[in-house]
Amino acid sequence: MFDGLQFIRALTWQEVFGLWEHEESHLPHWIEHYKKRGFTSWKDWRSSSVRDLRPESLTWSLYEISEPTTVVPKFYAGPFRAWINKYYAGEKIVPFGFLASHNEIEQDQNISGIISDFPTDSTLVGLKTQEGIVIIEGLHRCCALAVAHKQNIEMHPRMFIACAEFSGGLPLLGQENSPT
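Residues numbered from 1 in each chain as written. Predicted model: local features only at pLDDT ≥ 70, side-chain atom pairs only at ≥ 80, totals over all residues. Heavy atoms only, no water.

### Observations regarding the layout of surface pockets
In this structure, the largest pocket encloses a volume near 980 Å³. Along the wall of the largest pocket there are 40 residues; nearest its centre are Glu-24, Trp-30, Trp-45, Arg-46 and His-140. At the level of secondary structure, the elements contributing two or more residues to the lining of the largest pocket comprise helix 1 (13-24), helix 2 (28-36), helix 3 (42-50), helix 5 (81-87), helix 8 (109-116), strand 6 (133-137) and helix 9 (139-150). No other element matches helix 2, which puts five residues into the lining of the largest pocket. Tallied by class, the residues present in the lining of the largest pocket amount to 14 nonpolar, 13 polar and 13 charged. Estimates place the volume of the second largest pocket at around 160 Å³. Taken together, Lys-92, Ile-93, Thr-129, Gln-130, Glu-131, Phe-166, Ser-167, Gly-168, Gly-169 and Leu-170 form the lining of the second largest pocket. Looking at the lining of the second largest pocket, its residues break down into three nonpolar, five polar and two charged. (1 Å grid on protein atoms, 1.4 Å probe; cavity = no way out; pocket = protein on both sides within 12 Å on 5 of 7 lines; lining within 4 Å. Points joined across faces, edges and corners; volume = space filled by probe spheres on them. Helix = DSSP H or I, 4+ residues; strand = E, 2+ residues; numbered from the N terminus. Nonpolar A, V, L, I, M, F, W, Y, C, P; charged D, E, K, R; others polar.)

### Some remarks on the environment of Asp-121
With respect to the helices, strands and loops of the structure, Asp-121 is situated in strand 5 (residues 121-128). For Asp-121, the residues in contact, after removing those within four places along its chain, are Glu-23 and Arg-158. (Contact = heavy atoms within 4.5 Å.)

### A word on the pattern of salt bridges
Per the counting criterion, the structure on display carries eight salt bridges. Close ionic contact of Glu-15 with Arg-9 constitutes a salt bridge, the shortest N to O distance being 3.2 Å. Taking the relative accessible area as the measure of exposure, Glu-15 reaches 32% and is therefore partly exposed. Using a relative accessible area of 38% as the deciding quantity, one classes Arg-9 as partly exposed. Salt bridges here are not isolated pairs; linked through shared partners, they connect Glu-23, Glu-137 and Arg-141. (Salt bridge = Lys/Arg side-chain N within 4 Å of Asp/Glu carboxyl O. Buried < 20%, exposed > 50% of the residue type's maximum accessible area, 1.4 Å probe, protein only.)

Read these as geometric descriptors, not functional statements.
So this is what it looks like as C-alpha cells:
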C-alpha cells in the first residue's frame, strides 16, 4: 500500500509546516486567497485549515517518492470540501489517477502550467490511512503528475512526502467556496 516510499528521517510538525510554508506561502494566488478570507498570514490560514487533523499530535516522517509519475497517481486527494463538490463524484477521497480522467482537471491551465514548469524538488504533505496515502498539501502538483502520466508526458522530478499515520475518519477540510 505504501510502495515507492523511501524513508529518510523523522520530522516534527513544525518542520513539516515549514516545508509546506516554503512550497506555497510566497505564491501570489494563495496570498490573495487567504487575505480575501480574512486571514492576516499564510500561517494563520493553513493552521486553521488543518486544525481538525491535530497534526501536532501525529508522528511525522520524511520519505523520498521513487518514480513520482507512477506512484503519485495512486495517492488519494484529501477530503477538501471544494474538491469533493467539484470532482469527487460523491466520494470523500479519490485517487489522483481518477482525477486525471476528469476533463476539467485535464484541461485546467494551472495544472498545465505546473506540468510545463514542474519544480525540480518538491515536497508533499500526506497521511497514511487504511485506504492509502491521502494528500493534504500538494493536490495541484499531484494532479499535474497524474495528468502527465495519463498523457505519457515524461517528467523526472525529485519528490518527497512528509507523512504521518492517521487512524480513524478524516475530517472534512477547507471551505466549500475555495478555488481549486
